[in-house]
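Structural features, examined
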Amino acid sequence: QEQLVESGGGLVQAGGSLRLSCPASVRTFSYSHMGWFRQAPGKEREFVAAISWTSIVDYGDSVKGRFTISRDNTKNTVSLQMNNLKPEDTAVYFCAARTSPFSSTSRLPANYNYWGQGTQVTVSS
């Protein structure tokens, strides 16, 4: 099965920054939509950001202006730069992927076939 492994999570003070990374196979990455989701204990999964294989980007309302998603086509890796972190950003962050011939992104978890195990991000106040 296709496996994604997120890295870069950790503990940071409010206002700080973290960068998450998620490598993927060539087949998954080349024509894939890549997304980031997060889930806090007792809460539903939340859309964070997505980028299509044509580099169209989309962000959840709560992270706009603070987070930046990008992809490195040489390393087949999607990244999430998180700046100005807030305590409400505390959650497990998941990388997800789905191959698609279309250029638009998706916010729906059901459209993503491959998921990582998650990396913990904790923001203290």
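Residues numbered from 1 in each chain as written. Predicted model: local features only at pLDDT ≥ 70, side-chain atom pairs only at ≥ 80, totals over all residues. Heavy atoms only, no water.

This brings us to the packing of aromatic side chains. Taken as a whole and assessed by the stated rule, the structure comprises four aromatic pairs. An angle of 70° between the planes, with centres 5.7 Å apart, marks the rings of Phe37 and Phe47 as edge-to-face. Here Phe47 lies in strand S4 (residues 46-51) and Phe37 lies in strand S3 (residues 32-39), a separation of ten residues in the sequence. Here Phe47 falls in the buried class, since its relative accessible area comes to 11%. Centroid distance Phe37 to Trp115: 5.1 Å. Interplanar angle 50°. Geometry classified as tilted. Residue Phe37 is found in strand S3, and its partner Trp115 is found in strand S9 (residues 114-115); the two are separated by 78 residues along the sequence. In this structure an aromatic cluster arises from ring pairing among Phe37, Phe47, Tyr112 and Trp115. Over the ring of Phe94 we find Arg45; its NZ or CZ atom is 5.1 Å from the centre of that ring. Positioned above the aromatic ring of Trp115 is the side chain of Arg45, whose terminal nitrogen or guanidinium carbon lies 4.4 Å from the ring centre. (Phe/Tyr/Trp six-rings, centres within 6.5 Å; stacked < 30°, edge-to-face > 60°. Helix = DSSP H or I, 4+ residues; strand = E, 2+ residues; numbered from the N terminus. Buried < 20%, exposed > 50% of the residue type's maximum accessible area, 1.4 Å probe, protein only. Lys NZ or Arg CZ within 6 Å of the ring centre and 35° of its normal.)

A positive phi angle is found at Ser55, which is not glycine, with a value near 75°. Tracing the backbone shows Ser55 in the loop between S4 and strand S5 (57-59). On the basis of relative accessibility, which here comes to 44%, the residue Ser55 falls in the partly exposed class.

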